[in-house]
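Each chain, letter by letter, is given below.
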Amino acid sequence: MLPMPIRPLNHQIRKAEKPLLILGGAALLALVLTQLEFNLLESTLYDWRMSHQKADTSNSIVLVTVDQRSAAGLDEFQPLSLENHARFIEIVAGMSPRALGYIIDLSDSARLTPDAMIGPSQRIVDAANRIEAQGNIFLVGSSFDVTGEIVPPFPLSLLPRAISTLHKDGNVFAEDKTTRRAFTQINRRDTFPVQLARRMGALRIDRPIKGEYPIPSGLDASAFFFRYRGPTDVMIEGSPRFGGEWPYRQFSFIDVLQGKIPEGAFKDRIVLVSTLAKDDSADFSYTPYSKDPYTNPRILLHASILDSLLHNDGISQAPGCINFSNTFVVCAFVMWWVTSSTPLYGVFLTLGLASGFLLVGWVLFQTNGIWIRESQPLIGIFLSYYLTVPYRL
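In every chain, residue numbers begin from 1 and rise along the written sequence. Local features in this predicted model are restricted to residues whose pLDDT is 70 or higher, and side-chain atom pairs enter the listing and the counts only when it is 80 or higher, whereas totals over whole chains, interfaces and linings include all residues. Note: side-chain values were computed over all heavy atoms of the structure, leaving out hydrogens and water.

K.L.:
For this particular structure, what's the right way to read the sheet that holds strand E2 (residues 99-103)?
P.N.:
With parallel pairing, six strands are arranged side by side in an open sheet as E6-E3-E2-E12-E1-E11. Taken across any chain shown, the strands that pair with only one partner, and hence form the sheet edges, are strand E6 (161-163) and strand E11 (249-252). Within this sheet the neighbouring strands show an average axis-to-axis angle of 25°, counted without direction. Criterion used throughout: strands pair if DSSP finds at least two bridges between them. For helices the rule is a DSSP run of H or I covering at least 4 residues; for strands it is a run of E covering at least 2, with both sets numbered from the N terminus onward. Across four bridges, the pairing between E2 and strand E3 (residues 137-142) is parallel. Looking at the pairing, Tyr102 lines up with Val140 of E3. Working rule for contacts: check all heavy atoms of both residues, and any pair within 4.5 Å makes them a contact. Throughout, an axis means a line fitted to C-alpha atoms (over the contacting stretch in the case of helices), and angles, computed between N-to-C directions, take values from 0 to 180 degrees. Taken strand by strand, helix H6 (residues 118-133) contacts E2 and E3, and its axis lies near 135° from that of E3. Across the sheet, helix H7 (residues 192-199) is in contact with E2, E3, E6 and strand E12 (270-276); its angle to E3 comes to roughly 170°.

Take a look at the structure:
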């Protein structure tokens, strides 16, 4: 009489063995995988999504480059003299731009003629004051190094300024010096694009920047992942975009000085000015579009960062619990399917699930600006298959 209850109990244990093994195995695999970062794979997947997404480009942003043709036309070498910068700003001040963002280190120009810098420097300050008096905006982008913000000498130090240093993933994420995010604050001060967007009324103090997060460093800084508004590899020979149109309307510095731009080209526009010397690596950056040197002009990155702030459509990274849940679900699904079907069907499911997960990740990235990590779930899909097949056989 005693053995009778044991048989149904053993049957129930054997019946629950498979789902318990699947759930336990999936949980263990997900726990292990989410403790590992796989940043090289994740950054590759992130860059693919970024370079295959489409974002609206603001036609109110106009770019001016201090390029080789400008230096040759002025019979100078870069950095250009303060005299030419003063002439340029005085001309643009009469064109009624909504904002003039000067992303040029004027300290370099001031060092060229330290004894004769006061006159043109004061002209720059006066022209900037005229722009501000019209109800428009003038802002200089300053550099930042280990000593802090680099401030130009007086009277250029009177100009409104903010730090415009680009962020590069040098010791974080992929560690490949690619610009994927932008500083929003450094030492609790708004950076150049944030201050420009706030002064234009596009960002309110009480409205958070989408995707902004604190950077764990001694800078007391924050950043956000911005959207590129179009291809950046416009300088590389052999590229389909070499010599073609930029994502934004672009003029040469010398054309402005010589009056060769269309009438009204700057009226009510945001004019960003920066250097673009083909042999100066500081004027370029690595991007998701290209890791080739001297390929991606930094002025295009500044424009994309500002555009992301104007639209407030940065990229938000899904929290870690979502990553664990995704990894656990796909691992459990693959294990269940492989143990319930033939190995051939398991192969098709594994490939189909991986493709579907990539598609879902791209759609969320494109439509909602949500970045879900894909490296751990994808590795989990294939590991689950290869670990479960021997059990199935």
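K.L.:
I'm lost on empty space enclosed by the protein in this one. Help?
P.N.:
Over the atoms rolls a probe the size of a water molecule, and in doing so it shows where empty space is left. A cavity here means a set of 1 Å grid points, computed over protein atoms only, where a 1.4 Å probe fits but cannot escape. A pocket is an open set with protein on both sides within 12 Å along at least 5 of 7 lines, and lining residues have an atom within 4 Å of a point. Grid points are joined across faces, edges and corners, and a volume is the space filled by probe spheres set on the points. The final tally for this structure, using the stated rule, is two cavities of 30 Å³ or more. Reported here for the largest cavity is a volume of approximately 80 Å³. Contributing to the lining of the largest cavity are Ile163, Ser164, Thr165, Leu166, His167, Ala182, Phe183, Thr191, Phe192, Pro193, His302 and Ile305. Where the lining of the largest cavity is concerned, the elements lending two or more residues are strand E7 (181-186), H7 and helix H9 (298-311).

K.L.:
Would you explain the sheet that holds strand E8 (residues 189-190) in this entry?
P.N.:
Read from one edge to the other, the open sheet built from four strands follows the order E8-E7-E10-E9, with strand pairing classed as antiparallel. Strands with a single pairing partner mark the edges of an open sheet, and in this sheet they are E8 and strand E9 (213-215).

K.L.:
Hey, could you run me through the pattern of salt bridges in this one?
P.N.:
For side chains bearing opposite charge, pairing can occur when the charged atoms are close. Only one rule defines a salt bridge in this text: a Lys or Arg side-chain nitrogen within 4 Å of an Asp or Glu carboxyl oxygen. The final tally for this structure, using the stated rule, is 19 salt bridges. Glu149 is the salt-bridge partner of Arg189, the closest N and O atoms lying 2.7 Å from each other. With a gap of 40 residues between them, Arg189 in strand E8 and Glu149 in strand E5 (residues 148-149) connect regions that are remote in the sequence. Whether a residue is buried, partly exposed or exposed follows from its accessible area with a 1.4 Å probe, protein chains only, as a fraction of its type maximum: under 20%, in between, or over 50%, in that order. Since its relative accessible area comes to 39%, Arg189 is described here as partly exposed. A salt bridge links Asp169 to Arg181; its shortest N-O distance comes to 3.1 Å. In this pair, Asp169 is assigned in the loop between E6 and E7 and Arg181 in strand E7, connecting sequence segments 12 residues apart. Owing to a relative accessible area of 0%, Asp169 belongs among the buried residues under this scheme. Taking the relative accessible area as the measure of exposure, Arg181 reaches 9% and is therefore buried.

That's the geometry; what it means functionally is another story.
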